Structures are given as structure tokens and as C-alpha cells.
Amino acid sequence: MIKFFNKACQVLAAVAGLATLVFFFFSFVKFNMADGQVVPASAFQIGFGTEVHDGLEIAKSSKILFNILMTAFALVTAVITFFSKSRTLKYVSTAASAIVAIFMLVVALSNPAGFIDVRPFSVKFVEYTSFVLLTSITMFVSTAAGVGHFLLSDYIDVLQSKGAKKPLLKRIWQFFKDYKSETKKIVWPGFKEVLKNTGIVLVMFVAIGIVIWLVDFGLSSLLKLIW
């Protein structure tokens, strides 16, 4: 049953990433023109700066293009995990999905003018469609599924190791526990020692500065004599 849920999370992460990439082809924004027309534009048109209306090309949006490329990257790495047991790829795929999800949420909650250049058009205002928020939601689903797949994979490995390997959360807890115990071993210098060391550093700083100045002054004087 655990292996089934693990595989389901893996499939869901890839499907949600693919759905997000497909959503980028749908109407992303609507340009309400001065002549009363409503011109739709997809995320791909905005990201790559293609023609959207009567021969006019919208300026390329590097921020939207970044989201498109990161989504494609997350999808590719998620698919590769089906054929590879690399934990690094699982980390990378999930992290890429999380970045897109958060970024798209910021886009959805922000003024469209911050991400879309409308200067080539006679536009009254720009409004987002529901696909903007939908892309963020699907990427959050992909991220959650990716995290679930990673945790379940780790749990399966723990079960197969028959106690030789600790679960991920316990390993993380043990790391911070060891870190705390190591910090207690640190011996902090007293005030007099800090003052003494600071004085030595300042003296050396001034001495090195004087040496560099003398060398520079001597070389510049020598060059003046030669030339």
C-alpha cells in the first residue's frame, strides 16, 4: 500500500507539472483596448514576446518566461525520476516546482503592470484570467506530491534496511541535536583577548597599508624618472 501511494505521488507530481505547462498556452491575461476590444494573450505569448494583436508584438516578459522554463525543467526532472533512483533529482524537481508555485502566486496577487509591458498598445487596463492562479495551485499540488513521494521513498528505504537506517525526520532531528551539542564545546574568548586581537589586526592593517603605499610611491617615482 505504501509503495502504491508513493508511486501515486510521483505520478501526481508529473501530471500537475504537465497541467501547469499546458495552462501556459491558455489565455493568461486580457488586454482591454481603448477601442473597446478585449485581446487575450497566453503566458507563452507574453514570455516569448510574440504577436498578439494586429501585427503588434508584446514586449518579452523575462519573469513569465522564467516561470515557463522552470516549469518545463521541473516536469523533465520529475519524469526522469521514474527511470532514476537519484535523490538529488527528487530534491531538484520538488524545489523547482515550489519556486514556480510561489512565483506564480506572487504574479497572481500583484498588479499585472509589474509583469506585463503594455506600452506597445493603446490599453485601458490589463486583467488576469483564472489560469494565472490555477497555474500556481497546480504547481503547489506538484510540490506537495513531490514532497510526499520523497518522504514515502525514504520511509520504504528505512523499512527495507530493517532498522539500519533512520527515517528522514529523525536524521534531521539528530543533526540539530548534534549541532547543539557541538556549539556547547565552543570556547569564546574573553573581553581582554578580543581587545588584544583587535589591536593586532588594526596594527597589521595599518602596517600593510603603509608598505603598499611605499611600494606604490617608489614604483611611480621610478616610472617618472624613466619616462
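Source: prediction; values computed, not measured.

Side note on the overall build of the chain
Assigned secondary structure in the chain consists of 7 helices and 5 strands. Overall, the chain shows an N-to-C arrangement of helices and strands of α-β-β-α-β-β-α-α-β-α-α-α. Against the compact-globule benchmark of 17 Å for 227 residues, the chain has a radius of gyration of 29 Å, which places it well outside the compact range. Each principal axis of the C-alpha atoms in the chain carries an extent, and together these give about 75 × 70 × 35 Å.

Comments concerning the nonpolar core
If you look at the biggest cluster of nonpolar residues, it comprises 28 residues, and the most contacted ones within it are F28, V29, F31 and I116. Residue assignment for this core shows that the elements contributing at least two residues are β1 (27-33), β2 (38-42), α2 (43-48), α3 (62-80), α4 (87-109), β5 (123-128) and α5 (130-161).

Some thoughts on the side chain of T135
You can see T135 is positioned in helix α5. On the accessibility criterion, T135 (0% relative accessible area) is buried. Other than its neighbours up to four places away in sequence, T135 contacts T20, F23, F24 and M104.

So, the environment of I156
Following the sequence through the fold, I156 ends up in helix α5. Sequence separation between I156 and A101 is 55 residues; the distance between their C-alpha atoms is 28 Å. In contact with I156, other than residues within four places in its own chain, are I2, K3 and N6.

Focus: the packing of aromatic side chains
Enumeration according to the criterion identifies 10 aromatic pairs in this entry. A ring pair is formed by F23 and F131, whose centres lie 5.6 Å apart and whose planes are at 50 degrees; its orientation type is tilted. Taken together, the residues F23 in helix α1 (residues 2-23) and F131 in helix α5 connect sequence positions 108 residues apart. When its relative accessible area of 17% is taken as the criterion, F23 is described as buried. Plain terms: the ring middles of F24 and F44 are 6.5 Å apart, the flat faces sit at 80 degrees to each other, and that makes the pair edge-to-face. Here F24, found in the loop between α1 and β1, pairs with F44, found in helix α2; they are 20 residues apart in sequence, far enough to count as distant. Ring-pair connections join several aromatic residues into one group, and the members of that group are F24, F25, F44 and F48.

Details of the packing of α1 against α5
Contact geometry for α1 and α5: axes closest at 8 Å, N-to-C directions at 155 degrees. Compared by their axis directions, α1 and α5 come out roughly antiparallel. Crossing of α1 against α5: the hand is left-handed. Counted by class, the contact of α1 with α5 contains 16 nonpolar, 12 polar and 1 charged residues.

Quick notes on the pairing of β1
For β1, the tally of buried residues reaches 5 of 7 residues, placing the bulk of the element in the interior. Pairing analysis gives 5 bridges linking β1 to β2, with the strands arranged antiparallel. Bridge pairing in β2 places V29 opposite A41.

Things to note about α4
With 23 residues, α4 ought to run about 33 Å at 1.5 Å a step, and its terminal C-alpha atoms sit 33 Å apart, in line with that. Within α4, the full set of buried residues consists of K90, S93, T94, A96, S97, V100, A101, M104 and V107.

Quick look at the environment of P189
Within the fold, P189 resides in the loop between α6 (168-183) and α7 (191-226). By relative accessible area, P189 is classed as partly exposed at 42%.

Points about a nonpolar patch on the surface
Together, L12, I102, L105, V106, L109, L133, L134, I137, F140 and V141 give the surface a local cluster of nonpolar side chains, amounting to about 830 Å² of exposed area. The dominant element in the nonpolar patch, judged by the number of residues it contributes, is α5, at 5 residues. Mapped onto the secondary structure, V106 falls in helix α4.

What to know about the packing of α4 against α5
α5 packs onto α4 with a crossing angle of 155 degrees between their chain directions and a minimal axis gap of 8 Å. Our classification of the angle between α4 and α5 gives roughly antiparallel. Crossing handedness for the pair α4 and α5: left-handed. The class makeup of the residues in the contact of α4 with α5 is 15 nonpolar, 9 polar and 4 charged.

Calculation notes
Residues numbered from 1 in each chain as written. Predicted model: local features only at pLDDT ≥ 70, side-chain atom pairs only at ≥ 80, totals over all residues. Heavy atoms only, no water. Helix = DSSP H or I, 4+ residues; strand = E, 2+ residues; numbered from the N terminus. Rg over C-alpha atoms; globule rule 2.2 N^0.38 Å. Core = buried A, V, L, I, M, F, W, Y, C linked by side-chain atoms within 4.5 Å. Buried < 20%, exposed > 50% of the residue type's maximum accessible area, 1.4 Å probe, protein only. Contact = heavy atoms within 4.5 Å. Phe/Tyr/Trp six-rings, centres within 6.5 Å; stacked < 30°, edge-to-face > 60°. Axes fitted to C-alpha atoms, helices over the stretch in contact; angles between N-to-C directions. Parallel < 35°, antiparallel > 145°, perpendicular 65-115°, else oblique. Left-handed = near helix turned anticlockwise from the far one by under 90°. Nonpolar A, V, L, I, M, F, W, Y, C, P; charged D, E, K, R; others polar. Pairing = 2+ DSSP bridges. Expected span 1.5 Å × (residues − 1). Patch = residues over 30% accessible without salt bridge, like charges linked within 9 Å, V, L, I, M, F, W, Y side chains within 5 Å. Areas by Shrake-Rupley, 256 points an atom, 1.4 Å probe, with all protein chains shown as cover. Salt bridge = Lys/Arg side-chain N within 4 Å of Asp/Glu carboxyl O.

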